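Understanding the architecture of this molecule
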Amino acid sequence: MSTTTTTSWFLACKTSDVPTNGGVCVKYKEEQIALFYFARRNEWYATQNLCPHRQQMALSRGMTGTVKDEPKVACPFHKKTFSLKDGRCLSDEHECSLTTYPVKIVDDLVYIGVDAVMEMAGV
Ligand code: FES
């Protein structure tokens, strides 16, 4: 038996549910995912909603912006900032990174990609 990981897309919400240049929290099973829309760049990003600094479910309420053309979110609690592209903490190299998720838009619906592990019988 071997396992392989693939991306499974789940329907998160409508594009109109997400504020322009802001974020919302989406639930997927037991996880909270922060979903962001950068209107100026017409880009979508998704990360874990949990801030690794003090374990607050807060990032979807964070302030979005850019640093050196890299999209970022600042946690509303202590302002640690994270890259929305790869989840790196931009304000503290010792802070943990965020999990990021791919996002795709089909018509006016937002889909978020999550890992799905498939078990395959060996040959
Ligand atoms: S809880 Fe997010 S920066 Fe402190």
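My aim in this report is to walk through the structure given alongside it, one point at a time. All figures in this text were calculated on a predicted structure; none of them were measured in a lab.

Some remarks on the side chain of Glu95
Secondary-structure assignment places Glu95 in the loop between β9 (81-83) and β10 (100-101). Beyond its immediate chain neighbours, meaning those up to four positions away, Glu95 contacts Pro52, His53, Lys80, Phe82 and Cys89.

What to know about the pattern of salt bridges
A side chain with one charge can pair with a side chain of the opposite charge if their charged atoms come near. Evaluated as defined, the whole model comprises six salt bridges. The salt bridge partner of Lys80 is Asp92, with a shortest N-O separation of 2.8 Å. One end of the pair, Lys80, is in the loop between β8 (70-74) and β9; the other, Asp92, is in the loop between β9 and β10, and 12 residues separate them in sequence. Accessibility expressed as a relative area gives 15% for Lys80, which makes it buried. Among the salt bridges present, the one from Asp86 reaches Arg88, with a minimum N-O distance of 2.9 Å. On the accessibility criterion, Arg88 (37% relative accessible area) is partly exposed. Three or more residues joined by partner-sharing salt bridges are found here, namely Arg41, Glu43 and Asp69.

Digging into the packing of aromatic side chains
Taken as a whole and assessed by the stated rule, the structure comprises three aromatic pairs. The interplanar angle of 20° and the centroid separation of 4.4 Å between the aromatic rings of Tyr37 and Trp44 together place this pair among those described as stacked. With respect to class, Tyr37 is no different from Trp44; both count as buried. Each ring, one from Phe38 and one from Tyr45, has its centre 5.8 Å from the other, and the planes form 85°; the classification is edge-to-face.

Observations concerning the nonpolar core
Core analysis: the biggest nonpolar cluster contains 16 residues, and Phe10, Val18, Ile33, Leu35 and Ile112 have the highest contact counts within it. Once you skip the residues sitting within four places of it in the chain, Val18 turns out to touch Cys13, Val24, Leu35, Phe36, Tyr37 and Trp44. If you look at the next biggest cluster of nonpolar residues, it comprises 13 residues, including Ala34, Phe36, Leu59 and Val73.

The rules behind these values
- Residues numbered from 1 in each chain as written.
- Predicted model: local features only at pLDDT ≥ 70, side-chain atom pairs only at ≥ 80, totals over all residues.
- Heavy atoms only, no water.
- Helix = DSSP H or I, 4+ residues; strand = E, 2+ residues; numbered from the N terminus.
- Contact = heavy atoms within 4.5 Å.
- Salt bridge = Lys/Arg side-chain N within 4 Å of Asp/Glu carboxyl O.
- Buried < 20%, exposed > 50% of the residue type's maximum accessible area, 1.4 Å probe, protein only.
- Phe/Tyr/Trp six-rings, centres within 6.5 Å; stacked < 30°, edge-to-face > 60°.
- Core = buried A, V, L, I, M, F, W, Y, C linked by side-chain atoms within 4.5 Å.

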